[in-house]
Amino acid sequence: MYTLKSPPITLHNLFLLHNNPKFLPKSITIKPNPNYSFTVKSSSTVQELRKPEEKGVSSKVKDSDPFPPIGAAKRVVLVRHGQSTWNEEGRIQGSSDFSRLTQKGESQAETSRQMLIDDAFDVCFSSPLIRSKRTAEIIWGSRNEEILTDSDLREIDLYSFQGLLKHEGQAKFGPAFRQWQIDAPNFNIDGHYPVRELWARARNCWNKILDHESRSVLVVAHNAVNQALVATAMGLGTEYFRILLQSNCGVSVLDFTPRPEGGSPYICLNRLNQTPGSPVAGGSSAGRKASKRIILVCQGSSQSGSEASIASEDMPMNMLGVIQSQKTAELLLDLKVKKIISSPKTASIETANTIAQVQEAADCLGADCVPRYVETKQINDLDVENILQQSKKKMGMIHNAIDGQSQALWDQSGKAWKSLLDELSSESEPENLIVVVAHPMAHIALMGHCLNLTKEWMGSFHLDAGSISIVDFPDGPAGRGVVRCINYTAHLGRWSIPITTSTLDDEDF
């Protein structure tokens, strides 16, 4: 267990994720509330992991060592290596160094290079393993700075499992292989707990990355270690292994912001697993096929005014919002959407209608076909904008008044999340997905409920207008959600925010 203070959880601070600070009133100062901290179970020590609690993590973080203080905002971009020869064969790689990038893997790395080509990274850290280092070399391109390799960035150590095909591991190790599949944090092999060792190693990596004198950092590594880097940065324990997916050449972004009083920085997950290919395409979630899925679509930008506007009256989408909704509808053409649930606000309904119209027209390109019907409905609990507006009016008031609004948002979104799971469970078809359209703050709160967190974590996520986030349920709606991506915006093309543009400052191993 370990201790790390959370950022002050007020809606004012949550809005920093969606608005450039220069637009915020300079006269308003909300100091951190020393009573706020949050807890999460960590399992990096070699002690038996306790099963996650049923109803969410408690509200105090525990950590052996806080992250080192930083003098300026720092953005870290994590990339997993491209497809390797052992990925293709279904062979367990671990930290072995025998596989190479396939032609597809080289192509994925090249796509990531194009995605990041205009970004001025100060430094690149890479795993020393060939598949990762080659990916780093492709992405780093003609930059002059040397790539720094760090053995702590190698993939998870899987000892006797390494080099085996999956069916060979199952046949040879039986119960141990089964535990690796269903209870990885407690999995023990050759006297080691690989996932716990990995979490400790990721923690050590962050100390080195944050100590480095750089503001924009590229890190190229592997599936499991990138999961551990994201989780440890956010204060999440080993029970989140295989919950935050990292696909081949998937990009994840974390923002670290210094505290005025010093100490461990504020941390925000700007995006998770932005992939070279479509995130809605078929594939497994943490090695398992998922038949149930929720796709969170942030409504298109509205005519509510400048970026400074936190919440406003109910307004339709502006031209940018219309383009964003059309781009999202095109992305979802890879799926057959049967139900769209939205907030009752105008911009959400317009976004939902655009998706529905494109879906209905997609199957009716011939003269004799009949359009497919897409059900649309609204859930009042997805409407958080009235709460946001109330908080805006109270920004200059006492701390507890604003905290009351964040609690109201959290409670209301909890009801919405339960309604969505009920909708997913009620469908009789074996494969089912629901598209949910709402304000970004509603989806941030829903993501917190999905991950079994508390309201203190709402400041740890960022979502852009027009973005999508995907949660798969390989064990059904009653099981844990596996997050395929958060804040995916590649489908927006030139209308998206570049991956490394700061918002704070002008499956296989």
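Residues numbered from 1 in each chain as written. Predicted model: local features only at pLDDT ≥ 70, side-chain atom pairs only at ≥ 80, totals over all residues. Heavy atoms only, no water.

## Quick word on the overall build of the chain
Threshold: Helix and strand assignments come from DSSP, with helices taken as H or I runs of at least 4 residues and strands as E runs of at least 2, each series counted from the N terminus. With a 1.4 Å probe rolled over the protein chains alone, any residue whose accessible area is under 20% of its type maximum counts as buried; one over 50% counts as exposed, and the rest are partly exposed. Computed with the Shrake-Rupley method and a 1.4 Å probe, the accessible areas treat only the protein chains shown as cover for residues.
What the chain contains, in helices and strands, is 13 helices and twelve strands. For the chain, with 509 residues in total, the buried portion stands at 58%. Surface accessibility of the chain: about 20,600 Å² in total, with carbon and sulfur atoms responsible for 49%.

## Topic: the packing of aromatic side chains
This is how it is decided: Stacked, tilted and edge-to-face are the three classes applied to pairs of Phe, Tyr and Trp rings, where Trp contributes its six-membered ring and a pair requires centres within 6.5 Å; stacked means planes under 30 degrees apart, edge-to-face means over 60, and tilted covers the rest. Ring-over charges, as used throughout, are those where CZ of Arg or NZ of Lys falls within 6 Å of the ring centre and within 35 degrees of the ring normal.
Throughout the structure, instances matching the rule amount to eleven aromatic pairs. In this structure, Arg-91 is placed above the aromatic ring of Trp-86, and the distance from its NZ or CZ to the ring centre is 5.7 Å. One cation-aromatic arrangement involves Arg-143 over Trp-140; the distance from NZ or CZ to the ring centre is 4.9 Å.

## Considering the pairing of strand β2 (residues 123–126)
The two faces of the sheet receive side chains in turn, since in a regular strand these alternate between them. Using the following cut-off: At least two bridges found by DSSP between two strands are what make those strands a pair. Place the viewer so that the strands point away; then a crossover is right-handed whenever the path from the first strand over the helix to the second strand goes clockwise.
Residues Val-123 and Phe-125 line one face of β2 and the alternating positions Cys-124 and Ser-126 line the opposite face, and both faces are buried. Direction of pairing for β2 relative to strand β4 (residues 216–221): parallel, over a ladder of four bridges. Directly across from Ser-126, in β4, lies its bridge partner Val-220. Where β2 and strand β3 (residues 147–149) come together, three bridges link them in parallel fashion. Paired with Cys-124 across the strands is Ile-147, a residue of β3. In this fold, β2 hands off to helix α4 (residues 130–140), which returns the chain to β3; that crossover is right-handed.

## Notes on α4
All of the buried residues along α4 are Arg-131, Ser-132, Thr-135, Ala-136, Ile-138, Ile-139 and Trp-140. A positive backbone phi angle near 60 degrees is found at Gly-141, which sits one or two residues after α4.

## Some words on the environment of Tyr-240
Along the chain, Tyr-240 turns up in the loop between α8 (223–234) and β5 (251–257). The spacing of Tyr-240 and Ala-184 is 56 residues in sequence and 9.9 Å in space, taken between C-alpha atoms.

## Considering the side chain of His-491
For clarity, the threshold we go by: In what follows, residue pairs with any heavy atoms lying within 4.5 Å of each other are defined as contacts.
Locating His-491 in the fold gives a position in the segment after β12 (482–488). If sequence neighbours within four positions are ignored, His-491 has contacts with Lys-327, Thr-328, Leu-331, Gly-466, Ser-467 and Ile-468.

## Some words on helix α6 (residues 175–182)
Quick reminder of the rule: The directions from the helix axis to the C-beta atoms are what the arc is built from.
Residues of α6 that are buried include every one of Ala-176, Phe-177 and Trp-180, and no others. Looking straight down α6, one finds its buried side chains confined to an arc of 100 degrees; they lie on one side. Residues of α6 that are exposed and angled more than 90 degrees away from the buried face: Pro-175 and Ile-182. Those residues of α6 hidden inside the fold are in contact with α5 (166–173) and α7 (194–211).

## Thoughts on the pattern of salt bridges
Applicable threshold: Whenever a carboxyl oxygen of Asp or Glu lies within 4 Å of a side-chain nitrogen of Lys or Arg, that contact is scored as a salt bridge.
Following the criterion strictly, the structure yields 18 salt bridges and no others. Between Arg-91 and Glu-89 there is a salt bridge; the shortest N-O distance is 3.0 Å. Judged by its relative accessible area of 43%, Glu-89 is partly exposed. Its salt-bridge partner being Asp-472, residue Arg-484 comes within 3.0 Å of it at the nearest N-O pair. In this pair, Arg-484 sits in strand β12 while Asp-472 sits in strand β11 (residues 468–472), placing the two residues twelve residues apart along the sequence. Owing to a relative accessible area of 7%, Arg-484 belongs among the buried residues under this scheme. Taken together, the shared-partner salt bridges in this structure form one network comprising Glu-106, Arg-134 and Glu-137.

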